[in-house]
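Analysis of the macromolecular model
Residues per chain, in single letters:
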Amino acid sequence: TVQSTSGISGTADAYAYGVTTPVAAVPRTGSADYAVQLRGVVAYGDGLLASRGSGTLSANFATGGLSGTGGITVYNTSGTPNEPERRWATAASISATANSFVGNFGLGRPGNAGVVDQSGSILGKFYGPAAEELGASWLWHDSQLATSFVGYLLGKKTNLFPSNGALDSLSVNETFQAGAVALNANRDNTNGVLTFNS
């Protein structure tokens, strides 16, 4: 940030890096889903806050399309949410001749289920020997609230995460849920009638 007599201006650089997938190894057929994490900074008129979120990107290597959705939350300096979660969405194109993708990125208003616009941008590439991972930088400006977002996104193919195959060979933590119902009844032994009261 640079403060002058007329105000404060600032810049933020967001980037992803790693062992990039060779251009010849970027898939040109099939599809893949990536679980992604987003991290960034949010510039308000009077200061900076942090943001983090998650979601899923789906790549269609045959058509060159990449799209994704998820949620992102702004956190204040004490580490608690500053506002309700925002939804994010992106639509990008995978280059047919390079290891890159570029497209639009947008956020919704706090607590709103929809994405207002995708006037922001995303720029990224694939990592690993065969595009097992991806990374990108993204930005968006909320003209109504005069708020700017910038950050990075990292993702990994969902089929590469460990999972439990059976209950007798659990290899990762997993929460199991079940439902239960209680039924109470009274039996009248004189006439053999059951009366259900719940």
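Rules and cut-offs
- Residue indices begin from 1 for each chain and proceed along its sequence in written order.
- Reporting of local features is limited, given that this is a predicted model, to residues whose pLDDT is at least 70; pairs of side-chain atoms are given and counted only at 80 or more, and all residues count toward the totals for whole chains, interfaces and linings.
- Only hydrogens and water are set aside when side-chain values are computed; all heavy atoms of the structure are taken into account.
- Counting from the N terminus, the helices are the DSSP runs of H or I reaching at least four residues and the strands are the DSSP runs of E reaching at least two.
- In this scheme, a residue with accessible area under 20% of its type's maximum is buried, one over 50% is exposed, and one in between is partly exposed, where area comes from a 1.4 Å probe on protein chains only.
- In this description, contact between two residues means that some pair of their heavy atoms is separated by no more than 4.5 Å.
- Any pair of nitrogen or oxygen atoms within 3.5 Å is treated as a polar contact; in protein, a donor-acceptor pairing is required on top of that, and neighbouring residues in sequence qualify only through side-chain atoms on both sides.
- Every definition here rests on a 1 Å grid over the protein atoms only: cavities are sets of points where a 1.4 Å probe fits but cannot get out, pockets are open sets enclosed by protein on both sides within 12 Å along at least five of seven lines, and lining residues have some atom within 4 Å of a point.
- Grid points are joined across faces, edges and corners, and a volume is the space filled by probe spheres set on the points.
- Ten residues, namely Ala, Val, Leu, Ile, Met, Phe, Trp, Tyr, Cys and Pro, are considered nonpolar, four, namely Asp, Glu, Lys and Arg, are considered charged, and the remaining ones, Gly among them, are considered polar.

Examining the environment of His141
In this fold, His141 is placed in strand β9 (residues 133-142). Taking the relative accessible area as the measure of exposure, His141 reaches 42% and is therefore partly exposed. Sequence spacing of His141 and Ser121 is 20 residues, and the spatial spacing of their C-alpha atoms is 9.9 Å. Setting aside chain neighbours within four positions, we find His141 in contact with Ala146, Thr147 and Ser148. Of note is the side chain of His141, whose polar atom sits 3.3 Å from the backbone oxygen of Thr147.

With respect to the layout of surface pockets
If a probe as big as a water molecule is rolled over the atoms, it shows which places are left empty. Size it by volume and the largest pocket reaches roughly 450 Å³. Surrounding the largest pocket, 16 residues form its lining, Thr1, Ser9, Gly10, Ala43 and Leu48 being those nearest its centre. Taken together, the elements giving at least two residues each to the lining of the largest pocket come down to β2 (7-9), β3 (31-44), β4 (47-60) and β10 (147-157). Across the lining of the largest pocket, the residue classes tally to 8 nonpolar, 7 polar and 1 charged.

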